[in-house]
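Structural features, examined
Okay, here's what each chain looks like letter by letter:
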Amino acid sequence: MEPFEVEKPIVGMVHLPPLPGSPSYRGLSLDRISERAVQDAKHLESGGVDGLMVENFGDAPYLKMNVGAETISTMTLAVADVVDVVKIPVGVNVLRNDVKAALAIAHIAGGKFIRANVFTDAVVTDQGVIEASAPELLRYRRYLRADAIEIFADVHGKHGTLLSPRAIEQSAMDAAYRGLADALIVTGPRTGIEPELEDLMKVKKAVPDRPVFVGSGVDKGNVTKFLKHADGAIVGTSLKAGGVVDNPVDEKRVKTLMAAVRELRG
């Protein structure tokens, strides 16, 4: 499956610490930020994951979009450093939903895909109402001539409520066929919480010609259950030391998860 070289790919999260300009930033140097990102990326790759996604997880509370130039600059450096040391595809997510920044970072730093947390639905979040991003994002991708960078779009994503409730199947079809997403993501309500299996199955049935990823709550105990229906998974919390999202990646946890995945692949 593009941009990965395997079926049922697992994408490991590289959660960046608070970056310059964010409320929790405490003066960590740019070199140290990149070192931490590279360390997590190496542990994920050594553990066997098939791709990575770099995200400004430490920047809470997040801006809806239009993050500062300092955030974009720092993330570009970090992503470029990660791309330089791994051989697997690297993606970018700029929270809360600065999809144009994510695309620009990926385009400059060598990323292969981005995540759009809000894509074709309007969503009420703790950052306020976030409107659909697909129209501007697709035009910006064409402007940059970056069509090779794939867009992974959340459907009824976590940490938000649709402004106008609708069936998840309808949202999935809009994301794929009106928003032109390359892949879809189904999540639970919050970071680290697994989605309803029924929601995943509904999305997969509604959009059979797009890869569908599980985007939260995957661990060694449920990965087989989800990958029987999903085309891949994005995994963060369960791969951290002690299963704590703010901790560094634990390579042993990565290997344990990937052993279960390889068994499923046969």
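Reading the values: the criteria
- Residues numbered from 1 in each chain as written.
- Predicted model: local features only at pLDDT ≥ 70, side-chain atom pairs only at ≥ 80, totals over all residues.
- Heavy atoms only, no water.
- Helix = DSSP H or I, 4+ residues; strand = E, 2+ residues; numbered from the N terminus.
- Expected span 1.5 Å × (residues − 1).
- Buried < 20%, exposed > 50% of the residue type's maximum accessible area, 1.4 Å probe, protein only.
- Arc of directions from axis to C-beta.
- Contact = heavy atoms within 4.5 Å.
- Salt bridge = Lys/Arg side-chain N within 4 Å of Asp/Glu carboxyl O.
- Pairing = 2+ DSSP bridges.
- Polar contact = N/O pair within 3.5 Å; in protein donor to acceptor, adjacent residues only side chain to side chain.
- Right-handed = clockwise from strand over helix to strand, strands pointing away.
- 1 Å grid on protein atoms, 1.4 Å probe; cavity = no way out; pocket = protein on both sides within 12 Å on 5 of 7 lines; lining within 4 Å.
- Points joined across faces, edges and corners; volume = space filled by probe spheres on them.
- Nonpolar A, V, L, I, M, F, W, Y, C, P; charged D, E, K, R; others polar.

A short note on helix H8 (residues 251-265)
Relative to the 21 Å expected for 15 residues at 1.5 Å per residue, H8 spans 21 Å between its end C-alpha atoms, a close match to the ideal helical length. Within H8, the full set of buried residues consists of Val 254, Leu 257, Met 258, Ala 260 and Val 261. For H8, the buried positions fall inside an angular range of 155° around the axis, keeping them on one side. For H8, the exposed residues lying more than 90 degrees away from the buried face are Lys 252 and Glu 263. Tucked inside the fold, the buried residues of H8 contact strand E1 (10-15), helix H1 (30-47), helix H7 (223-227) and strand E11 (232-235).

Comments concerning the pattern of salt bridges
Across all of its chains, the model carries 13 salt bridges by this definition. A salt bridge links Asp 182 to Arg 141; its shortest N-O distance comes to 3.0 Å. Residue Asp 182 is found in the loop between helix H5 (168-178) and strand E9 (183-186), and its partner Arg 141 is found in helix H4 (residues 134-143); the two are separated by 41 residues along the sequence. Its relative accessible area of 23% is what places Asp 182 among the partly exposed residues. Each of Arg 141, Arg 142, Asp 147 and Asp 182 takes part in a single network of salt bridges with overlapping partners.

Some thoughts on the sheet that holds strand E8 (residues 161-162)
In spatial order, the strands read E6-E5-E8; together these three strands make up an open sheet with antiparallel pairing. The open sheet is flanked by strand E6 (128-130) and E8, the only strands paired with a single partner.

Some thoughts on the side chain of Thr 187
By the element assignment, Thr 187 lies in the loop between E9 and helix H6 (197-206). For Thr 187, the side chain forms a polar contact with the main-chain nitrogen of Lys 158, separated by 3.0 Å. Once residues within four sequence positions are removed from consideration, Thr 187 is found in contact with Arg 115, Asp 154, His 156, Gly 157, Lys 158, Pro 195, Gly 215 and Ser 216.

Topic: the environment of Gly 179
Take Gly 179: it is sitting in the loop between H5 and E9. On the basis of relative accessibility, which here comes to 3%, the residue Gly 179 falls in the buried class. The spacing of Gly 179 and Glu 169 is ten residues in sequence and 14 Å in space, taken between C-alpha atoms. Residues contacting Gly 179, with those up to four places away along its chain left out, are Phe 119, Thr 120, Ala 134, Leu 138 and Asp 174.

Details of the pairing of strand E4 (residues 113-116)
Residues Phe 113 and Arg 115 line one face of E4 and the alternating positions Ile 114 and Ala 116 line the opposite face, and both faces are buried. As paired strands, strand E3 (residues 90-93) and E4 are joined by two bridges and run parallel to one another. What sits directly across from Val 92, in E4, is Ile 114. The β-α-β motif built from E3, the intervening helix H3 (residues 99-109) and the parallel element E4 has right-handed crossover chirality.

Describing unusual backbone geometry
The omega torsion of the bond from Ala 60 to Pro 61 falls at -5°, within 30 degrees of zero and hence cis. Within the secondary structure, Pro 61 sits in the loop between strand E2 (51-55) and helix H2 (69-85). With omega at 5°, the peptide bond leading from Leu 95 into Arg 96 counts as cis. Along the chain, Arg 96 falls in the loop between E3 and H3. Positive phi, normally seen in glycine, also occurs at His 156, with a value near 50°. Counting through the fold element by element, His 156 comes out in the loop between strand E7 (150-155) and E8. On the accessibility criterion, His 156 (25% relative accessible area) is partly exposed.

Remarks on the layout of surface pockets
Of the volumes computed, that of the largest pocket is approximately 580 Å³. Lining the largest pocket we find 40 residues, and of these Leu 95, Asn 117, Lys 158, His 159 and Thr 191 sit closest to its centre. Counting residues per element, the ones that place at least two in the lining of the largest pocket are E1, E7, H5 and E11. Considered class by class, the residues forming the lining of the largest pocket number 15 nonpolar, 17 polar and eight charged.

Nothing here speaks to function; it is all geometry.
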